[in-house]
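# Remarks on the overall topology
What follows is the residue order along each chain.
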Amino acid sequence: MMHCTMEDLGALQAREASVWARRHITTCAQCQAELEGLYQRVAQLKALPALHPPRDRWPVIQATLRAERSRRRRTWGTWTGSLALAASIAAILLIQPGSQTPLHAELSQAKQQSASLEDSLKQYDTDGRVMSGHAAAVVADLEDRISMLDGTLAQQQQSAREDAELVKLWQQRVDLMRELVNAHATRARYVGL
Amino acid sequence: MTVAFAVPDVIVARAQAGDEAALEALYRAFETPVYNLVRRILRRPEDAEDVLQETFLEVVRNLKQYRGEGHLWGWIRRIATTKALMRIRREQVRQTESLDEEPGKPGMHIGANLDLERALETLSETSRAVVWLHDVEGYTHEEIAEQMGKTVSFSKSQLARAHARLRRMLDEGARA
């Protein structure tokens, strides 16, 4: 005698069974027991206790979100800062065409290093990879400090003055950018990106 | 495990505005159902933890797009399921694992006191996903097929084979 397959039983459970299966189940005790077993297994599956995460993942998620938020702020700050910088340079060139002081050379070098580090940062997938809580916190802290520095630089550049203070700020930015690139490079080496 | 709870709209609105306390409240409300869902699908606990983290990062990044249509849990569950299934696909590509059921963990003894939990563990991740999504989460075969990028008949046959295997395992366990 032919009996219901597990697919037939599934179809019976879903009320999508063939005419043959619907008729057969009314007369076959064996298939009725199988169908009952299927219902019981599904009920047991639903009754399995909930599994809880072994560790609290919120601190890592929070640190990652803060880092992203800070990066967005910094990107905006850099962009607006760049506009101000471009305006300042244009103003200086108009006022003092061809002037090249040692201070100016130092400033140009720091800006160039900073731009080069920004380019280096682009090679790492800074958004796409899950970080450890510690790494994310380090990156978030660096990005916050760079963001604050960018704010100060933007204010300084409004005055269009090239003094030692401005050079020092740009050099600080280079140091922080270098630390940030190193943090991403270390993580990339670790996770194989 | 079936989930039937709601998060107050005010918490969702605050979370959408980026309020960190509200985001944490959202995480606390859904961390167990999300982890339970993905852990039932994925074999390794550490994979389930990673998917839990990835799910919430995506939830937060896209929360503004959630317009309140349908249950919030349904929206989060879909993200979690997609991420768990993506991880299975990645693993399959890596290991060229067969989509068919696999014969349990290497060296695993199927014997006395085998219960449903352990029987479930012996299924492949694909089979576990189909069983869990269909029987517990209430997905239709059409929905499972869509999420897995497979056909409806694939989903149906995976479910039937998974149940045949579970039944056999439980019978063997009862006899041993």
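Residues numbered from 1 in each chain as written. Chains lettered and ligands numbered in written order. Predicted model: local features only at pLDDT ≥ 70, side-chain atom pairs only at ≥ 80, totals over all residues.

### Section: the overall build of chain B
To be explicit about the condition: We count a stretch as a helix when DSSP gives it H or I for four or more residues in a row; a strand needs E for two or more, and each element gets its number in order from the N terminus. Our exposure labels follow a C-beta count within 10 Å of each residue's own C-beta, placed from the backbone: buried means 20 or more other C-beta atoms, exposed means 12 or fewer, and partly exposed covers the counts in between.
Secondary structure assignment for chain B yields eight helices and zero strands. Listed by position from the N terminus, the elements making up chain B come as α-α-α-α-α-α-α-α. Classification of the 176 residues of chain B by burial places 36% in the buried group.

### Here's the deal with the overall build of chain A
To keep things clear, this is the line we draw: It is the C-beta atoms, placed from the backbone, that decide contacts: two residues are in contact if theirs lie within 7 Å.
The number of helices and strands found in chain A is seven helices and zero strands. By residue count, 24% of the 193 residues in chain A fall in the buried class. If you take every contact in chain A between residues at least 6 apart in sequence, the share linking residues at least 24 apart comes to 83%.

### As for the packing of helix α7 (residues 141-148) of chain B against helix α8 (residues 152-175) of chain B
Residues and elements named next belong to chain B. Test applied: Interaxial angle, 0 to 180 degrees, is taken between N-to-C directions of lines fitted to C-alpha atoms, where a helix line uses only the stretch in contact. Note that the term roughly parallel is reserved for angles under 35 degrees, roughly antiparallel for angles over 145, roughly perpendicular for angles of 65 to 115, and oblique for everything else. In the scheme used here, Gly and all other residues not listed as nonpolar or charged are polar, with Ala, Val, Leu, Ile, Met, Phe, Trp, Tyr, Cys and Pro taken as nonpolar and Asp, Glu, Lys and Arg as charged.
Between α7 and α8, whose axes approach to 8 Å, the crossing angle comes to 110 degrees. Overall, the two elements α7 and α8 adopt an arrangement that is roughly perpendicular. Across from H141, E142, I144 and A145 in α7, the residues of α8 making contact are V152, F154, S155 and K156. Looking at side-chain class alone, the contact of α7 with α8 contains four nonpolar, two polar and two charged residues.

### Brief notes about the environment of A140(A)
Residue and element names in this part refer to chain A. Tracing the backbone through its elements, the reader meets A140 in helix α6 (residues 133-158). A count of 21 C-beta atoms within 10 Å places A140 in the buried class. C-alpha of A140 to C-alpha of E68: the two residues are 72 residues apart in sequence and 7.9 Å apart in space. Setting aside residues no more than four positions away along its own chain, A140 makes contact with A63, R66, A67 and S70.

### As for the interface of chain A and chain B
The interface is formed by 26 residues belonging to chain A together with 31 residues belonging to chain B. Listing elements by their share of the side of chain A that touches chain B, those giving two or more residues are α1 (6-13), α3 (29-47) and α4 (58-95) of chain A. Counting residues per element, the side of chain A that touches chain B draws most heavily on α3(A), at seven residues. Residues that form the side of chain A that touches chain B fall into these classes: 14 nonpolar, seven polar and five charged.

### What to know about unusual backbone geometry
Notably, R15(A) is not glycine yet its phi reads approximately 55 degrees, a positive angle. Relative to the helices and strands, R15(A) resides in the loop between α1 and α2 (19-27).

### Re the packing of α1(A) against α8(B)
Taken N-terminus to C-terminus, the directions of α1(A) and α8(B) make an angle of 110 degrees; their axes are 8 Å apart at the nearest point. Comparing the axis directions of α1(A) and α8(B) gives the class roughly perpendicular. Contacts from M6(A), E7(A) and G10(A) of α1(A) reach α8(B) at K156(B), S157(B), L159(B), A160(B), H163(B) and A164(B). Tallied by class, the residues present in the contact of α1(A) with α8(B) amount to four nonpolar, three polar and two charged.

### Concerning the environment of G68(B)
Residue and element names in this part refer to chain B. Tracing the backbone through its elements, the reader meets G68 in the loop between α3 (45-62) and α4 (72-95). Of the residues examined, G68 has 11 C-beta atoms within 10 Å and is grouped as exposed. Considered as a pair, G68 and D9 are 59 residues apart in the sequence and their alpha carbons are 8.7 Å apart.

### Some thoughts on the confidence of the model for chain B
Atom-level detail of predicted coordinates should not be read off regions where pLDDT is low. Cut-off, in case you're wondering: Along the chain, pLDDT gives the predictor's confidence residue by residue, from 0 to 100.
Across chain B, the average pLDDT comes to 85, with 85% of residues at or above 70. Overall fold confidence (pTM) sits at 0.65, and the ipTM for the predicted complex is 0.82.

### Structural notes on the environment of D9(B)
Residue and element names in this part refer to chain B. Its place among the elements puts D9 in helix α1 (residues 9-16). Of the residues examined, D9 has 10 C-beta atoms within 10 Å and is grouped as exposed. Sequence spacing of D9 and L72 is 63 residues, and the spatial spacing of their C-alpha atoms is 10.0 Å.

### Quick word on the nonpolar core
The condition is simple: As used here, a nonpolar core is made of buried Ala, Val, Leu, Ile, Met, Phe, Trp, Tyr and Cys residues. They are joined through C-beta atoms within 7 Å.
The biggest cluster of nonpolar side chains holds 56 residues, and the ones touching the most others in it are V139(A), V34(B), V38(B), A84(B) and A129(B). The dominant element in this core, judged by the number of residues it contributes, is helix α2 (residues 20-41) of chain B, at ten residues. Contact partners of A84(B), with chain neighbours within four places excluded, come to V38(B), I41(B), L42(B), V51(B) and A129(B). With seven residues, the next largest nonpolar core counts C4(A), L9(A), L12(A) and L38(A) among its residues.

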